[in-house]
Amino acid sequence: MDRGDDAVPISELLDERRHLLDVAYWMLGNSVEAESVIDATYRRWYALSDPARARITTPRSWLAKVAGSICLARLALPDRNPTRTGQDHPTRTPPPAAETPGTLEQQISGVLLDALDALSPAERAAFVLNDVFGMAPGAVADIVRQSEPECAELADRARRSLRARRARPTPPQQHDALARALHQACTTQDEALLASLLAPDATAFFDGGGKVRALVKPVHGNTHVARSLLTLLTRHPRTALDTHSVNGRTGLLVRYDHQVVAIISLDIAGPHIVQVWIILNPDKLRAWNRPSAPPGPPRPHSNSPGQPGD
């Protein structure tokens, strides 16, 4: 008799489905298509034999991989991407409230989804799966069907494209002033000031690389971004926040016990910050935490070499 050894709590089942819908919606930007993808994903699961399903140790990961692969195939269809073919964009449908109660509506802006539409299918998949859902590099490579280094390059190209589309050339003095104002707002935990520096549809991306318990999905909206930043940067005696050159523009460095634990870079358009990129992945911070060279003999004075990101 079936003893129900494989039974799963209903909360876990619903959370799994919501997660899969999130993946599909981010990749396709349409809730109707997302629902269709998830239905097809579960059909593939139940088409497996009982022994085949038993061999899958992490069903949620298997289902996410299948859903991602189906989405990638749909993105590659010739008539799927109107941005690159000159067609009008299909009507966007938000995720159903019953499935995702308010979360995606708050986190995904039409501006960001339109920017994602401009990416190639592989770039979009690599970015969404890596940056939005924090999937392991091997899982992303399996879905995109390219090597891990190739997927990393695809995600990097996607980031550069997103930054170029949303940010506008800003005089260094204006960029510096906004970065320093952001530093002041974060230091004083002034949520109103911080929100005023951000565009209404600002987005924050948190890159923990699966190595720290960072937020997985981007945060959208100036109020939500402000709160998430202030929570991340809650004042602590052993934490220091400073302005510093990051990728040639003023950003923020967060140190804990004198170790760099986060780098924050900013994309600016006009008088507002439109995107905030928070690097928390320890692997990406190693260059900022190289041990200092032992003191040597005195040398003639010269400009010190630039820090990483200068």
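One numbering rule holds for all chains: residues counted from 1, following each sequence as written. In keeping with the predicted nature of the model, local features appear solely for residues at pLDDT of at least 70, side-chain atom pairs appear and are counted solely at 80 or more, and the whole-chain, interface and lining totals rest on all residues. Excluding hydrogens and water, the side-chain figures rest on all heavy atoms present in the structure.

Participant: Sorry, what's going on with helix 8 (residues 121-132) here?
Facilitator: Given 3.6 residues to a turn, an α-helix orients residues that are three or four positions apart in the same direction. Helix length check: helix 8 (twelve residues) gives 15 Å between terminal C-alpha atoms against 16 Å at 1.5 Å per residue, within 8%. Exposed residues in this analysis have more than 50% of their type's maximum accessible area, buried residues have under 20%, and partly exposed residues fall in between, with area computed by a 1.4 Å probe over protein chains only. Under the scheme used here, helices are H or I runs from DSSP no shorter than 4 residues and strands are E runs no shorter than 2 residues, and both carry numbers assigned from the N terminus. Of all the twelve residues making up helix 8, eleven are buried; the element is thus mostly covered by neighbouring parts of the structure. Every buried residue of helix 8 is listed here: Pro121, Ala122, Glu123, Arg124, Ala125, Ala126, Phe127, Val128, Leu129, Asp131 and Val132. Looking at the residues trailing helix 8, positive phi occurs at glycine 134, about 60 degrees. Multiplying 1.5 Å by the residue count of a helix minus one yields the expected span of that helix.

Participant: So what exactly am I meant to see when it comes to unusual backbone geometry here?
Facilitator: Glycine aside, a negative phi is what most residues show, and trans is what most peptide bonds show. In this structure, arginine 145 takes a positive phi of about 65 degrees despite not being glycine. Mapped onto the elements of the fold, arginine 145 is located in the loop between helix 9 (137-144) and helix 10 (148-166). In this model, asparagine 247 sits at a positive phi of 55 degrees, which is unusual for a non-glycine residue. Relative to the helices and strands, asparagine 247 resides in the loop between strand 3 (239-246) and strand 4 (249-256). Looking at asparagine 247, the relative accessible area reads 58%, which means it is exposed.

Participant: Would you take a moment to explain the pattern of salt bridges for this structure?
Facilitator: Pairs can form between side chains of opposite charge whenever their charged atoms are close. Definition used for salt bridges: Asp or Glu carboxyl oxygen within 4 Å of a side-chain nitrogen of Lys or Arg. Scanning the entire structure with this criterion turns up 17 salt bridges. Here aspartate 131 makes a salt bridge to arginine 159, at a shortest N to O gap of 2.8 Å. Of the two residues, aspartate 131 sits in helix 8 while arginine 159 sits in helix 10, which places them 28 residues apart along the sequence. Each of the two residues, aspartate 131 as well as arginine 159, counts as buried. Two residues, arginine 255 and aspartate 242, come together in a salt bridge whose shortest N-O distance is 3.2 Å. Taken together, the positions of arginine 255 in strand 4 and aspartate 242 in strand 3 put the pair 13 residues apart, joining distant regions of the chain. A relative accessible area of 33% places aspartate 242 in the partly exposed class. Look at the salt bridges and you will find they share partners, linking Asp131, Glu153, Asp156, Arg159 and Arg160 into a network.

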